[in-house]
Amino acid sequence: GAGVSQTPSNKVTEKGKYVELRCDPISGHTALYWYRQSLGQGPEFLIYFQGTGAADDSGLPNDRFFAVRPEGSVSTLKIQRTERGDSAVYLCASSRMTGTSGIEGDTQYFGPGTRLTVL
Amino acid sequence: QQQVKQSPQSLIVQKGGISIINCAYENTAFDYFPWYQQFPGKGPALLIAIRPDVSEKKEGRFTISFNKSAKQFSLHIMDSQPGDSATYFCAALKIQGAQKLVFGQGTRLTINP
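Everything numeric here is computed off the predicted structure, so don't read it as measured data.

Caption draft 1: Fine view of the overall build of chain A. From N to C terminus, chain A includes zero helices and eleven strands. Going residue by residue from the N terminus, the α and β elements of chain A occur as β-β-β-β-β-β-β-β-β-β-β. For a compact globule of 119 residues, the expected C-alpha radius of gyration is about 14 Å, and chain A comes in at 14 Å, within 12% of that figure. Along the first, second and third principal axes, the C-alpha set of chain A runs to 45 × 25 × 25 Å. Every one of the 119 residues in chain A was classed for burial, and the buried ones make up 45%. Long-range pairs, those at least 24 residues apart, make up 56% of the contacts in chain A between residues at least 6 apart in sequence. For chain A, the accessible area works out to roughly 5800 Å², and carbon and sulfur atoms hold 47% of it. Treating the 12 positive side-chain charges of chain A as one cloud and the 12 negative ones as another, the clouds have centres 8 Å apart.

Here is the structure:
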């Protein structure tokens, strides 16, 4: 079936502008994650949704960043008053998060990411 | 504070050789250790994973070795092929709770034909 999709694939904006990044998870996956990957670095956790609620937003760098998942499927990451330091690839991942075994992690499936450039 | 440290940053191996990437972690609460492979323009994809109560796990040409007392683990790619050229990330997570991945810095692997 279809994997995780993210739109747009590239976004160029000017400093101070508002941007929205969209993630379509794999159908039926209840868990959704946002990560940020700076050039030459590993992805860093931003926020985790279980269903519609943000269960863990400890990775959001400041209050300019906000994410929603109103119907428990598609999620939108919103960045206000963008800064040049926000430039990165924003990755979305989803998993079944069944937790049925309790002995292994649920596989997170990543989308291709949105490359955000703030000029 | 870097919770998962990965080395080397880059690695060049001849076709047919063994590629070895090392990682060390600090948080003993981590109880699941996956490795991800990432090609340019793509998101990371799970390659293989291990629990800390197992010292080694093998899947095809890929093997994870785990040393719990040293808080270190490594990925070995046997008979490395040009198609293995990619960036590899080790990661760690706690199974209970959000299962948020903590990644290493990545290793850019190049397999020369």
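And the narrative resumes.
Caption draft 2: Quick peek at the state of the cysteines. A full pass over the atoms with the stated rule returns two disulfides over all chains. Residue Cys23(A) pairs covalently with Cys92(A) via a disulfide, S to S 1.8 Å. Taking the sign of the S-S torsion, about -65° here, the bridge from Cys23(A) to Cys92(A) comes out left-handed. Here Cys23(A), found in strand S3 (residues 19–24), pairs with Cys92(A), found in strand S9 (residues 88–95); they are 69 residues apart in sequence, far enough to count as distant. Take Cys23(A) and Cys92(A): they sit in the same class, and that class is buried. In this model, Cys23(B) is linked to Cys90(B) through a disulfide, with the two sulfur atoms separated by 1.8 Å. Taking the torsion about the S-S bond as the criterion, the Cys23(B) to Cys90(B) disulfide, at about -95°, is left-handed. Of the two residues, Cys23(B) is situated in strand S3 (residues 19–25) and Cys90(B) in strand S9 (residues 86–92); the sequence distance between them amounts to 67 residues.

Caption draft 3: Region of the structure containing a nonpolar patch on the surface. A surface patch of nonpolar side chains, about 240 Å² in accessible area, is lined by Ile18(B), Ile20(B) and Met78(B). Mapped onto the secondary structure, Met78(B) falls in the loop between strand S8 (72–77) and S9.

Caption draft 4: Geometry of the environment of Ala2(A). With respect to the helices and strands, the residue Ala2(A) is situated in the segment before strand S1 (5–7). Along the chain, Ala2(A) and Ile26(A) lie 24 residues apart, while their C-alpha atoms are 6.7 Å from each other.

Caption draft 5: Just the pattern of salt bridges, in detail. Inspection of the entire model under this criterion finds seven salt bridges over all chains. Its salt-bridge partner being Lys57(B), residue Glu59(B) comes within 3.7 Å of it at the nearest N-O pair. Note on Glu59(B): relative accessible area 38%, which makes it partly exposed. Residue classification places Lys57(B) among the partly exposed residues on the basis of a relative accessible area of 26%. One network of salt bridges, in which partners are shared, links Arg64(A), Glu83(A) and Asp86(A).

Caption draft 6: Summary view of the interface of chain A and chain B. Counting residues at the interface gives 23 residues for chain A, matched by 20 residues for chain B. Of the roughly 1700 Å² buried between chain A and chain B, counting both surfaces, carbon and sulfur atoms make up 53%. By the criterion of area lost to chain B, the three top residues of chain A are Pro43(A), Gly105(A) and Phe110(A), representing 23% of everything that side buries. Along the contact surface separating chain A from chain B lie one salt bridge. A salt bridge links Asp56(A) to Lys100(B); the nearest nitrogen and oxygen atoms lie 2.8 Å apart. On the surface where chain A and chain B come into contact, there are seven residue pairs in polar contact (both at pLDDT 80 or more). In terms of residue count, the dominant contributor to the side of chain A that touches chain B is strand S4 (residues 31–37) of chain A (three residues). Partitioning the side of chain A that touches chain B into residue classes produces ten nonpolar, ten polar and three charged.

Caption draft 7: Region of the structure containing the sheet that holds strand S7 (residues 62–67) of chain B. Residues and elements named next belong to chain B. Spatially, five strands are ordered S1-S3-S8-S7-S6 in an open sheet, and the strand pairing comes out antiparallel. The open sheet has two edge strands with one neighbour each: strand S1 (4–7) and strand S6 (56–59). Each neighbouring strand pair of the sheet contributes to a mean axis angle of 15°, computed without reference to strand direction. Bridge count for S1 against S3 is four bridges, and the pairing is antiparallel. Paired with Ser-7 across the two strands is Asn-22, which belongs to S3.

How each quantity is defined
- Residues numbered from 1 in each chain as written.
- Chains lettered and ligands numbered in written order.
- Predicted model: local features only at pLDDT ≥ 70, side-chain atom pairs only at ≥ 80, totals over all residues.
- Heavy atoms only, no water.
- Helix = DSSP H or I, 4+ residues; strand = E, 2+ residues; numbered from the N terminus.
- Rg over C-alpha atoms; globule rule 2.2 N^0.38 Å.
- Buried < 20%, exposed > 50% of the residue type's maximum accessible area, 1.4 Å probe, protein only.
- Contact = heavy atoms within 4.5 Å.
- Areas by Shrake-Rupley, 256 points an atom, 1.4 Å probe, with all protein chains shown as cover.
- Lys, Arg positive; Asp, Glu negative; His and termini not counted.
- Charge placed at Lys NZ, Arg CZ, Asp CG, Glu CD.
- Disulfide = S-S within 2.5 Å.
- Patch = residues over 30% accessible without salt bridge, like charges linked within 9 Å, V, L, I, M, F, W, Y side chains within 5 Å.
- Salt bridge = Lys/Arg side-chain N within 4 Å of Asp/Glu carboxyl O.
- Buried area = accessible area lost by both parts, 1.4 Å probe.
- Polar contact = N/O pair within 3.5 Å; in protein donor to acceptor, adjacent residues only side chain to side chain.
- Nonpolar A, V, L, I, M, F, W, Y, C, P; charged D, E, K, R; others polar.
- Pairing = 2+ DSSP bridges.
- Axes fitted to C-alpha atoms, helices over the stretch in contact; angles between N-to-C directions.

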